[in-house]
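This is what each chain is made of:
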Amino acid sequence: MAKPAAGSRIILENKLMKLYRKLRDIEISRQFLGGNLIEYYLRVTMTSIIKKYFVKMQYPYHSIASVNIETTGYCNRKCYFCFFHDRFPKRKQGIMEETTYKNIIDELSKINFCGRLSPHSYGEPLLDKRLPALMEYTKKKLPNCYTQIMTNGDFLTAQLFKQLIAKGVDHFIITNYDDEEKAFLTFISEHCPWHVRVRSYKDFITVDRAGKILNRKSQLHEPCLRPSSQLVINWKGDVILCCNDFYGEYVMGNVNDGNLLDIWNSAKFDYYRNNLIKGQRSSIPICHHCDIEGGIPW
């Protein structure tokens, strides 16, 4: 009878240790940001609830669980596992009109969107100098959405980081694309661990991106739920099939020419969704050799 009691104690100790580490990270971050104790902990609590519950509630109710809006189509890097590498054809580059971005946010506010929103797709978001203002508008109109920025961190400073957090950004995923560690990335992850995750490009599995990056010729037959749950809009305002469509080959509509929700609910979009839900990837050329399993990208 002693073993179950010992096992329960270990489980409890592990839970308490996990809670302690979480509270420690929160307090370290608060002190670095200089936030008011009560206001900051209220924000952290609400953000945690949104991330854990509200985001996953979006899919069954509104279908859209996450949104990627590419405010800039530029990137300063040319990684070998990305379409920006010199071995791939160039695409037209530009930045999204501010009115276009705001119209997208306004449309999402009509369904009280509270899923995950990221102001980027392939372009490096910190190249967009308007980002703090855009994030402020986003949080004003979508106070319950979970905002996350994925960046290479090349243009991130402590001042810009604090400004973006103050404007409503909830979390950063910063990828170091160099082989050596960077002092600033170590600094920011140690001083604001609740809002930052720093990783190396070596830490994640490189995906084939529609079979064009690595030419693996994978052939998956399992369902893909991405077009049914993730809204992806490139800098031109095109609503595209999924995040792997770098060149915008499968455009469902343009938000400058039509209503965003009408595009999302269109028969054209549903045609691709229905095929992919059934696992019929080979029926869509861009999906034929995709090696992404296709779960809902919260």
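Now for a quick tour of the structure. (Residues numbered from 1 in each chain as written. Predicted model: local features only at pLDDT ≥ 70, side-chain atom pairs only at ≥ 80, totals over all residues. Heavy atoms only, no water.)

Attention shifts here to the overall build of the chain. Secondary structure assignment for the chain yields 10 helices and eight strands. For the chain, whose C-alpha radius of gyration is 20 Å, the value lies close to the compact-globule estimate of 19 Å for 298 residues. Counting the 298 residues in the chain, one finds 49% classified as buried. Long-range pairs, those at least 24 residues apart, make up 71% of the contacts in the chain between residues at least 6 apart in sequence. Accessible surface, the chain as shown: approximately 15300 Å² in total, 55% of it carbon and sulfur. Of the side-chain charges in the chain, 42 are positive and 31 negative, and the distance between the mean point of each set is 4 Å. (Helix = DSSP H or I, 4+ residues; strand = E, 2+ residues; numbered from the N terminus. Rg over C-alpha atoms; globule rule 2.2 N^0.38 Å. Buried < 20%, exposed > 50% of the residue type's maximum accessible area, 1.4 Å probe, protein only. Contact = heavy atoms within 4.5 Å. Areas by Shrake-Rupley, 256 points an atom, 1.4 Å probe, with all protein chains shown as cover. Lys, Arg positive; Asp, Glu negative; His and termini not counted. Charge placed at Lys NZ, Arg CZ, Asp CG, Glu CD.)

Right, let's talk about the nonpolar core for a bit. Among the nonpolar cores identified, the biggest contains 51 residues, and L108, L117 and F172 are the most heavily contacted of them. Those residues in contact with L117 that sit more than four places away from it in its chain are V67, I69, Y101, I105, L108, T138, L142, C145, Y146, T147 and Q148. The next biggest cluster of nonpolar side chains, apart from the first, holds 10 residues, and it includes F81, F84, F88 and F246. (Core = buried A, V, L, I, M, F, W, Y, C linked by side-chain atoms within 4.5 Å.)

Taking 1.5 Å per residue as the helical rise, helix 3 (residues 98-109) with its 12 residues ought to reach 16 Å, and the 17 Å between its terminal C-alpha atoms agrees with that figure. For helix 3, the complete set of buried residues consists of T100, Y101, I104, I105, E107, L108 and S109. Those residues of helix 3 hidden inside the fold are in contact with strand 1 (66-69), strand 2 (116-118), helix 4 (131-141), strand 6 (230-233) and helix 8 (260-264). (Expected span 1.5 Å × (residues − 1).)

Time to look at the side chain of N275. Here N275 is to be found in helix 9 (residues 267-277). Once residues within four sequence positions are removed from consideration, N275 is found in contact with Q280, S283 and I284.

Right, let's talk about a nonpolar patch on the surface for a bit. Taken together, the side chains of L12, L16, L19 and L23 define a hydrophobic patch exposed on the protein surface, amounting to about 370 Å² of accessible area. Mapped onto the elements, L12 comes out in helix 1 (residues 2-33). (Patch = residues over 30% accessible without salt bridge, like charges linked within 9 Å, V, L, I, M, F, W, Y side chains within 5 Å. Salt bridge = Lys/Arg side-chain N within 4 Å of Asp/Glu carboxyl O.)

Our focus in this paragraph is the packing of helix 3 against helix 4. Following both chains from N to C, one finds helix 3 and helix 4 inclined at 20°, their axes separated by 9 Å at the closest point. For the element pair helix 3 / helix 4, the angle class is roughly parallel. Considering the relative orientation of helix 3 and helix 4, their crossing is right-handed. Residues E98, Y101, K102, I105, D106 and S109 of helix 3 pack against L134, M135, Y137, T138 and K141 of helix 4. A breakdown of the residues in the contact of helix 3 with helix 4 according to their chemical character gives five nonpolar, two polar and four charged. (Axes fitted to C-alpha atoms, helices over the stretch in contact; angles between N-to-C directions. Parallel < 35°, antiparallel > 145°, perpendicular 65-115°, else oblique. Left-handed = near helix turned anticlockwise from the far one by under 90°. Nonpolar A, V, L, I, M, F, W, Y, C, P; charged D, E, K, R; others polar.)

This paragraph deals with the packing of helix 4 against helix 5 (residues 158-166). Geometrically, a packed helix pair is captured by the angle between its two axes and the distance between the axes. Closest axis-to-axis distance for the helix 4/helix 5 pair is 9 Å, and the angle between their directions is 20°. When the axes of helix 4 and helix 5 are compared, the pair comes out roughly parallel. As helix 4 packs across helix 5, the resulting crossing turns out to be right-handed. Facing L131, P132 and M135 of helix 4, the residues of helix 5 in contact are L160, Q163 and L164. Broken down by class, the residue content of the contact of helix 4 with helix 5 amounts to five nonpolar, one polar and no charged.

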